[in-house]
Amino acid sequence: MPNALTRPDLYEETRLSLEREPKELSPVWLYDERGSRLYEEITRLPGYYLPRAEAEILRSHSAEIARLTEARTLVELGPGNAQNTRLLLDALGTLERFVPVDVSAEMLRETAGAIAAAYPRIAVQEIVGDFQRLGALPGRSPRLIALLGSTIGNLYPEQRADLLASLAGDSLLLGLDLVKDFARLEAAYDDDIGVTEAFARNALTAVNRELDATFDQRLFVYEPRWDAEHEWMDIAFRALEEHAVSVRRLGLELGFETGERLRIEISAKFRRESFEAELEGAGLGAAAWWTDPAGDFAVVLARPEGQVTRREET
């Protein structure tokens, strides 16, 4: 099984991000086995509308996606349990190979096994790794690369630009959470029973375990908030008092001031015009743009600019 993520890479990225202002942890730390299962719980919460809105779009348009792409290979970046992916697999009659890519080896094994059992005609080739560090992807063309669930929103604009440019030779299917009332957004990332907070805190637990760090959960309060300037959810912890944290495996000693934030991830929200400009900057065009009836979420089929012959939308 190929591995596209080395621990030295992750450790160096973590060291650099903790030395930035504001201090950050790579979102990769969220997705160990426990974190992946907590995320699956989040997707079932009433206020977390994203997977349901995306599924509504895919149920309506998967047959059209199959017709437009005629994909032989489907690569999915960050599939989780691949629940919505099954809507594509059901429709893609030309598909020969499914390639799920995820940082959580345990979740990936379960997902790959379940897909292989449910779709015996399709070869399944899983890759454990961070999709931002992928090399050449396997499978015959035409190839469709899916990044669903608005996972692309966890990347900063420059990271999105790099990723889109690196994938610009294939058709892309992208799930995008759209800009909406900030109260709904904040509710989606801070549920009443605390699953989203437990998910975020699991990143601190994972870093303490693997990097011999001393993050004290009692000294940080969970604080997701809407950043109107950047139009993203800023998911972070705020230090309750001045204190120090050691990250012994990285040789770091970190000082936190009272009220200082430690960012765990961002979740950008999108507008059509600005995202199509991002696609164009990467040499891609929006061949189709679909939204759910409420206008909460979009699924975009992007293709190399020279292959875009028509645009469709609902």
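Source: prediction; values computed, not measured. (Residues numbered from 1 in each chain as written. Predicted model: local features only at pLDDT ≥ 70, side-chain atom pairs only at ≥ 80, totals over all residues. Heavy atoms only, no water.)

The full count for this structure, using the stated rule, is 27 salt bridges. The residue arginine 238 makes a salt bridge to glutamate 223 at a minimum N-O spacing of 2.7 Å. Here arginine 238 is found in strand β9 (residues 232-239), whereas its partner glutamate 223 is found in strand β8 (residues 220-227), with 15 residues between them in sequence. Aspartate 234 serves as the salt-bridge partner of arginine 261, at 3.2 Å between the closest nitrogen and oxygen. Separated by 27 residues along the polypeptide, arginine 261 in strand β12 (residues 261-268) and aspartate 234 in strand β9 bring together distant segments of the chain. The pair formed by arginine 261 and aspartate 234 is uniform in burial state, with each residue classed as buried. Put simply, Glu24, Glu223, Arg225, Asp234, Arg238, Arg261 and Arg263 are held in one network by salt bridges that share partners. (Salt bridge = Lys/Arg side-chain N within 4 Å of Asp/Glu carboxyl O. Helix = DSSP H or I, 4+ residues; strand = E, 2+ residues; numbered from the N terminus. Buried < 20%, exposed > 50% of the residue type's maximum accessible area, 1.4 Å probe, protein only.)

On to the nonpolar core. With 70 residues, the main nonpolar core has Trp29, Leu74, Leu173, Phe215 and Val247 as its most contacted residues. Residue contributions to this core peak at eight residues, all from helix α8 (residues 195-211). The residues contacting tryptophan 29, other than those within four sequence positions of it, are Arg7, Leu10, Tyr11, Thr14, Asn202, Ala203, Ala206, Val207, Glu210 and Leu211. By size, the runner-up hydrophobic cluster in this structure holds 33 residues, among which are Val101, Leu155, Ala282 and Val300. (Core = buried A, V, L, I, M, F, W, Y, C linked by side-chain atoms within 4.5 Å. Contact = heavy atoms within 4.5 Å.)

With that out of the way, let us pick up the environment of alanine 112. On the secondary structure map, alanine 112 appears in helix α5 (residues 105-118). In sequence terms alanine 112 and alanine 183 are 71 residues apart; their C-alpha atoms lie 36 Å from each other. Dropping the residues within four chain positions of it, alanine 112 is found in contact with Val124 and Glu126.

In this section: the pairing of β12. Burial analysis of β12 places eight of its eight residues in the buried class, the great majority of the element. Note that strand β1 (residues 23-24) and β12 share two bridges and pair parallel. Considered in β12, the bridge of lysine 23 is made with leucine 262. (Pairing = 2+ DSSP bridges.)

Turning to helix α6 (residues 157-166), its buried residues number three or more, namely Arg160, Leu163 and Leu164. All buried residues of α6 lie within an arc of 95° about the axis, which places them on one face of the element. Across from the buried face of α6, at angles greater than 90 degrees, the exposed residues are Glu158, Asp162 and Ser166. The elements touched by buried residues of α6 are β6 (143-147), β7 (171-177), β12, α9 (272-281) and β13 (284-291). (Arc of directions from axis to C-beta.)

For the rest of this paragraph, the subject is the packing of aromatic side chains. In total, this model carries 11 aromatic pairs according to the counting rule given. When the ring of tyrosine 39 is compared with that of tyrosine 48, the centres are 6.3 Å apart and the planes differ by 85°; the resulting orientation is edge-to-face. Their ring planes at 80° and their centres at 6.2 Å tell us that tyrosine 48 and tyrosine 189 sit as a pair that is edge-to-face. Here tyrosine 48, found in the loop between α2 (33-43) and α3 (50-69), pairs with tyrosine 189, found in the loop between α7 (182-188) and α8; they are 141 residues apart in sequence, far enough to count as distant. On the basis of relative accessibility, which here comes to 5%, the residue tyrosine 48 falls in the buried class. Relative accessible area serves as the criterion here: at 7%, tyrosine 189 is assigned to the buried category. By way of ring pairs, the aromatic residues Tyr31, Tyr39, Tyr48, Tyr189 and Phe199 are connected into one cluster. In this arrangement the basic side chain of lysine 23 is found over the ring face of phenylalanine 256, its NZ or CZ atom lying 4.9 Å from the centre. Over the ring of tyrosine 49 we find arginine 184; its NZ or CZ atom is 5.0 Å from the centre of that ring. (Phe/Tyr/Trp six-rings, centres within 6.5 Å; stacked < 30°, edge-to-face > 60°. Lys NZ or Arg CZ within 6 Å of the ring centre and 35° of its normal.)

For strand β10 (residues 243-247), a buried count of four out of five residues is recorded, marking the element as mostly surrounded by other parts of the structure. Note: β10 against strand β11 (residues 252-256), five bridges, orientation antiparallel. Looking at β11, one finds that valine 247 is bridged to leucine 252. Linkage of β10 to β11, two consecutive antiparallel strands, is achieved through a turn of four residues, within which glycine 251 is found at a positive phi near 65°.

This brings us to the packing of α2 against α8. Where α2 meets α8, the axes come as close as 9 Å, and the angle between the chain directions of the two elements is 160°. Taken together, the axis directions place α2 and α8 in an arrangement best described as roughly antiparallel. Seen from above, α2 lies across α8 with left-handed handedness. Two secondary-structure elements touch here, α2 through Arg34, Gly35, Leu38, Tyr39, Glu41 and Ile42 and α8 through Val195, Thr196, Ala198, Phe199 and Asn202. The residue makeup of the contact of α2 with α8, split by class, is six nonpolar, three polar and two charged. (Axes fitted to C-alpha atoms, helices over the stretch in contact; angles between N-to-C directions. Parallel < 35°, antiparallel > 145°, perpendicular 65-115°, else oblique. Left-handed = near helix turned anticlockwise from the far one by under 90°. Nonpolar A, V, L, I, M, F, W, Y, C, P; charged D, E, K, R; others polar.)

Looking now at the confidence of the model for the protein chain. On average, residues of the protein chain score 92 in pLDDT, and 96% of them are at 70 or above. Predicted confidence is poor over residues 1-5, with pLDDT under 50, and the contacts of this stretch with residues over four places away or in other chains come to 21 contacts. Low pLDDT, under 50, characterises residues 310-314; the predicted model gives this stretch 18 contacts beyond four residues in sequence or across chains. (pLDDT = per-residue confidence, 0-100.)

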